[in-house]
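Architecture at a glance
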Amino acid sequence: MKNTLKSATFHILIYRGKEGYVGITYETGYVDVGNSIDDVLNHVHNGIIATFKTINENKLSEKAINQKPALNYRILFFVLPFIANIAKWLEISFFTKPFNPLLLLNS
């Protein structure tokens, strides 16, 4: 499914890295880090909002909300959840969150 300015869903993978938690948004390729899972979710959420506002305000193409991350991050989307099932001690979280861009564009 392609994301649009009217309807979007983002898949976010969060894993514990060397310097904290790393969050990757599959649809936009957005990567951010934080000290906790909540920090990363807030950073990614704010990044998604900024992307939507920029696209809407500047009348840009919606391609920016339908890009894939770099290959090394795309591989992690498939490998880390598998590893997490084998090694429960890894702190890996996978989120799928519907996002209603109309709420932010109307504010």
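Located above this text is the structure these notes cover.
Notes on the structure follow. (Residues numbered from 1 in each chain as written. Predicted model: local features only at pLDDT ≥ 70, side-chain atom pairs only at ≥ 80, totals over all residues. Heavy atoms only, no water.)

**Some words on the overall build of the protein chain**
Of regular secondary structure, the protein chain possesses 3 helices and 4 strands. When its helices and strands are written in sequence order, the protein chain yields β-β-β-α-α-β-α. In the protein chain, which comprises 107 residues, the proportion classed as buried is 35%. Sequence-distant contacts in the protein chain: of pairs separated by 6 or more residues, those separated by 24 or more amount to 61%. Accessible surface, the protein chain: about 6,800 Å² in total, of which carbon and sulfur atoms supply 56%. (Helix = DSSP H or I, 4+ residues; strand = E, 2+ residues; numbered from the N terminus. Buried < 20%, exposed > 50% of the residue type's maximum accessible area, 1.4 Å probe, protein only. Contact = heavy atoms within 4.5 Å. Areas by Shrake-Rupley, 256 points an atom, 1.4 Å probe, with all protein chains shown as cover.)

**Some details on unusual backbone geometry**
We note that K59 has phi near 50°; this positive angle belongs to a residue other than glycine. You can see K59 is positioned in the loop between α1 (37–57) and α2 (71–86).

**Comments concerning a nonpolar patch on the surface**
Nonpolar side chains collect at one region of the surface, where L71, I75, F78 and V79 lie side by side and expose about 390 Å² of accessible area between them. Relative to the helices and strands, F78 resides in helix α2. When its relative accessible area of 60% is taken as the criterion, F78 is described as exposed. (Patch = residues over 30% accessible without salt bridge, like charges linked within 9 Å, V, L, I, M, F, W, Y side chains within 5 Å. Salt bridge = Lys/Arg side-chain N within 4 Å of Asp/Glu carboxyl O.)

**Some thoughts on the pairing of strand β1 (residues 8–17)**
With 6 bridges joining them, β1 and strand β2 (residues 20–25) adopt antiparallel strand pairing. Of the residues in β2, the one forming a bridge with Y15 is V22. Hairpin remark: β1 followed by β2, antiparallel, with 2 residues in the connecting loop. (Pairing = 2+ DSSP bridges.)

**Focus: the nonpolar core**
L5, A8, F10, I12, I14, Y21, V40, V44, I48, F52, I55 and I65 together form the largest nonpolar core, which totals 12 residues. Those elements giving two or more residues to this core turn out to be β1 and α1. The leading source of residues in this core is α1, at 5 residues. By size, the runner-up hydrophobic cluster in this structure holds 8 residues, among which are Y15, V22, I24 and L80. (Core = buried A, V, L, I, M, F, W, Y, C linked by side-chain atoms within 4.5 Å.)

**Observations regarding the pairing of strand β3 (residues 31–34)**
Only one face of β3 is covered, namely the one carrying D32 and G34; the face carrying V31 and V33 has none of its residues buried. Taken together, the 4 bridges between β2 and β3 define a ladder with antiparallel strand orientation. Of the residues in β3, the one forming a bridge with G23 is D32. In textbook terms, the turn of a hairpin is the stretch between consecutive antiparallel strands, and for β2 and β3 this stretch comprises 5 residues, one of which, G29, has a positive phi near 80°.

**Brief notes about the side chain of E27**
Looking at the element boundaries, E27 is found in the loop between β2 and β3. One buried charged residue, E27, remains without a salt bridge, the closest side chain of opposite sign being K68 at 6.1 Å. Ignoring sequence-local partners within four residues, the contact set of E27 consists of N3, T9, F10, H11, I65, N66, Q67 and K68. (Lys, Arg positive; Asp, Glu negative; His and termini not counted.)

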